[in-house]
Amino acid sequence: MSMEETTIQVPRWTPTHNPPSSPRRTHVPRWTPSTSPPSSPKQAMINIGESFEPNEPMQSENFDDSEKWTQALKWAPQTSGAMKNVGLELELELSPPGQVPRWTPSPSPSRSPKGPTRNESFDDVEMGSVASEEDMEKFFPFNSASISTSIRTPTGPPPPSLDSILLQAPSLKNLPKIKTSSKQESDSAVKQPKENNNNSPRKNGTGFTSKSNGVFLTWKNLWVTVPDRQSGRRPILQRLTGYAQPGEVLAIMGPSGCGKSTLLDALAGRLGSNTRQAGEILINGRKQRLAFGASAYVTQDDTLMTTLTVREAVHYSAQLQLPASMPASAKKERAEMTIFEMGLQDCVDTRIGGWVKKGLSGGQKRRVSICIEILTRPKLLFLDEPTSGLDSAASYHVMDRIVKLARREEITVIASIHQPSSEVFELFHNLCLLSSGKTVYFGPPSMANEFFASNGFRCPALRNPSDHFLRIINKDFNLDIKQGFGGATSTDEAINILVKAFTSSETCQQVQGRVSHISQQKGGVLEKKGSQASFATQCLVLTKRSFVNMYRDLGYYWLRLAIYIALCLCVGTIFYDIGFSYGSIQARGSMLMFVAAFLTFMAIGGFPSFVEDMKIFGRERLNGHYGVGAFVIGNTFSSIPYLLMISLIPGAIAYYLVHLHRGFEHFLYFSLLLFVCMMLVESLMMMVASIVPDFLMGIITGAGIQGVMMLCGGFFRLPNDLPNPFWKYPMYYIAFHKYANQGFYKNEFEGLTFPDSQLGGAAIITGEEILHNVWRMEMGYSKWIDLAILFGMVFLYRLIFLGIIKTVEKVKPIIRGLFVVPPEKSRLIIENPNDPQ
């Protein structure tokens, strides 16, 4: 008779923590099989001194002598906050009657030897019962004592006799012998330590991850100072040392103003020009600069195009960044998947919103910013307050997805976070705790609680560890903190105690050793990745995106159109049907001068909207989304339709109400000249915006520049009467008003005749004579040359704008490098003599 094997999966049961009756006796629940299905899950087992809760109802089966029965029990002791379940598989070896089956613990096939995942642990907490505050303390995460007890062999009352179980089940008396689990597997399941809850990459003996194509970032003795009127230089960061590895998330925590954002800016190479940096920052063991596109940085300020929807913003960004070889459908799929990962699927068609119309909440805008930066899966990701504006559930899901993405794509993530929940706190691989720019702790988050407790600042039960840490090291309020057995100390003293303790701790030595080891391993040079889309694709996408933004932004062109129409109605009614009398000569000149000067002057009204575009460009440019040339081309071509509309509609109103020179050719030239003047003013304001980023200061600067050009444009003071030094040479020829006035005047006066009212003169005076004798115009070339010169000035101004941005990009790192103190000279920095380090 052939032997067949049948396996029955027994539900998971969870014993409660009861005091053992004997230290040598093992507490095993008693199980009594029944021949019929149980009426309820509780009837599937008999609880003897333990709480037995199966996940599935017991299914009864009939066994014959040729069948083998195996029962697997999942045992999850509720004795630690880390909740590390150790699966014990109970395998019964049934031989001749009278022998007791033997059971051996072995790793559960469904569990990793390192312990359960976070969700399993969390489920165990929800199913468990808490008897007292002391038991709840054992559930609290990062309790070193609980971690050590969570893997111990359970103790309790003696187990019931297993042959009594077999005697109660006649069908199980003559079961064949089955294999048992090896002792080595059981030992490895019990003794394997738990590193973290998110399955970090495996590490080799040197401490490095086995992955080689990631980015290792280290910093040693990092100082950052800023100018101070009293002491000369005030330190923001002091003697910071740490590292970040691929596939891991480093969390930078601390109270407001402790230097979290400054540390991120220093590591990303984005410190301001007024700061001075000392120390050593290495990328893959090399001193190299983070080029555009080599890393992604999500700043605290969500600089987004407010008129776009979530889907449009992410899709446009995907088209700009993803490779040209990737099909459009794949780019769309990547964008939709990223939106779903950040939980934005319910607001994909909602506009981001700004001052005109309310749109997304602050937390949703933060998730959109993260979406845009993780589209290309950068190797180095900086997150400044990624959970700001998010509730605890959204914060956990966002950070959980970032951790999984970092592990899957080998991304090195460095995030400053203000006040994470306990679940978010568990996700981090390393923690850098700062206070007043000093390192309070650097290492695994699970050891931080033990570090504080060992120095007299034990985390109370039922308190979030991150809340406890920030309460201890926040000196803004300088409150007395309870320490040890009823003692109290001030916040400054507590910080000094912790800083000194960490400096002399073994953990600090390990961090320095890891930094030194990583620095010695010379990795590859970090390549400039940037946008992988073609230049033509970048120009087309930016033109389309900018056109949509201008169409939806009322302040960009629509409000200006309304103002222009109102002004042209005023001009048309004031100079209505101007006629051809001798007095109309001066009237025509004044009206045309107003159009050339003051009407084009109103083009600065769109400067605030352009400043917002510049902010978006600055963020996307630093993260390598596209180049400067593509941005200039896109902005130029997207604005042409609106400028043409503003030139034609208000221009037609003013031209035909005043009854200027008849003929469509003259009106077309008038509209083209008005169009190019507006475009030139916008180009001038682009140059101003690249130098003066503040919109209020920019408007004042731009208005001042145009005012100077008006003065020397040839109307208020005739060209021959201008002082030769400076005002005529070169200002008269630099001012675009010179060529605008000449073009308008030539287009209007050439071909017209006016009666001469002067005594002794001719009865008729021609327009050419008026241009030469009255307005002192240069008649050596036609009006089309003036128009061409203005178009050339537009092109030149745009080139200057591009050159300014390029120059700033090149010069800023050089200037910043001048303020970086070499490591061997960093000791020259004036240090605080009372520095606890």
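Computed from a predicted model, the values in this text were never measured in an experiment.

The rules we used
- Residues numbered from 1 in each chain as written.
- Predicted model: local features only at pLDDT ≥ 70, side-chain atom pairs only at ≥ 80, totals over all residues.
- Heavy atoms only, no water.
- Core = buried A, V, L, I, M, F, W, Y, C linked by side-chain atoms within 4.5 Å.
- Buried < 20%, exposed > 50% of the residue type's maximum accessible area, 1.4 Å probe, protein only.
- Helix = DSSP H or I, 4+ residues; strand = E, 2+ residues; numbered from the N terminus.
- Salt bridge = Lys/Arg side-chain N within 4 Å of Asp/Glu carboxyl O.
- Contact = heavy atoms within 4.5 Å.
- Expected span 1.5 Å × (residues − 1).
- Bend = angle between axes of the 7 residues up to and from the residue.
- Pairing = 2+ DSSP bridges.
- Right-handed = clockwise from strand over helix to strand, strands pointing away.
- Axes fitted to C-alpha atoms, helices over the stretch in contact; angles between N-to-C directions.

**Student:** Whenever I open this one, the nonpolar core confuses me. Can you help?
**Tutor:** Formed by 192 residues in total, the largest nonpolar core has its most connected members in Leu 217, Trp 219, Phe 382, Phe 452 and Leu 790. In terms of residue count, helix H21 (residues 664–691) provides more of this core than any other element does, 18 residues in total.

**Student:** Whenever I open this one, the pattern of salt bridges confuses me. Can you help?
**Tutor:** Once the charged atoms of two side chains with opposite charge are near each other, the side chains can pair. Under the definition given, this model contains 16 salt bridges. Residue Arg 366 pairs with Asp 302 through a salt bridge whose shortest N-O separation is 3.0 Å. Here Arg 366 is found in helix H9 (residues 362–373), whereas its partner Asp 302 is found in the loop between strand S7 (296–298) and helix H7 (310–321), with 64 residues between them in sequence. Look at Arg 366 and you get buried, because its relative accessible area is 1%. Look at Asp 302 and you get partly exposed, because its relative accessible area is 27%.

**Student:** Just to check I follow, could you spell out the environment of Gly 651 for this structure?
**Tutor:** Considering the arrangement of structural elements, one finds Gly 651 in helix H20 (residues 628–658). For the pair Gly 651 and Leu 674, spaced 23 residues apart in sequence, the C-alpha to C-alpha distance is 7.8 Å. Excluding residues within four positions of it along the chain, Gly 651 makes contact with Cys 568, Ile 646, Phe 667, Phe 670 and Leu 674.

**Student:** Help me out: how do you make sense of helix H18 (residues 583–601) in this one?
**Tutor:** Given 3.6 residues per turn, any residue in an α-helix points the same way as the ones three and four places further on. Relative to the 27 Å expected for 19 residues at 1.5 Å per residue, H18 spans 27 Å between its end C-alpha atoms, a close match to the ideal helical length. The largest bend in H18 amounts to roughly 30° and is located at Val 595.

**Student:** Looking at this structure, I do not really get the pairing of strand S8 (residues 380–384). What am I missing?
**Tutor:** Two faces, one strand: in a regular strand the side chains alternate between the faces of the sheet. For S8, the tally of buried residues reaches 5 of 5 residues, placing the bulk of the element in the interior. Burial along S8 is two-sided: Leu 380, Phe 382 and Asp 384 and Leu 381 and Leu 383, pointing in opposite directions, are all buried. As judged from the 3 bridges shared by S7 and S8, these two strands associate in the parallel manner. Residue pairing for S8: Val 298 is matched across the bridge by Leu 383. The parallel pair S8 and strand S9 (residues 412–416), bridged by helix H10 (residues 392–409), forms a crossover whose chirality is right-handed.

**Student:** Even after reading the chapter, I still don't get the sheet that holds strand S10 (residues 430–435), so can you show me in this structure?
**Tutor:** Across a sheet, strands are paired by hydrogen bonds formed along the backbone, either parallel or antiparallel in direction. What the 6 strands build is an open sheet, ordered S7-S8-S9-S5-S10-S11; its pairing is mixed. Two strands close off the open sheet at either side, each with one partner strand: S7 and strand S11 (438–443). Pairs of neighbouring strands in the sheet enclose a mean axial angle of 15°, with direction left out of account. Judged from the 5 bridges that link them, S8 and S9 form a sheet pairing that is parallel. Note that in S9 the partner of Leu 380 across the bridge is Thr 412. Docked against the sheet, H9 engages S7 and S8, running at close to 180° with respect to S7.

So far we have only geometry, and geometry alone does not tell us how the molecule works.
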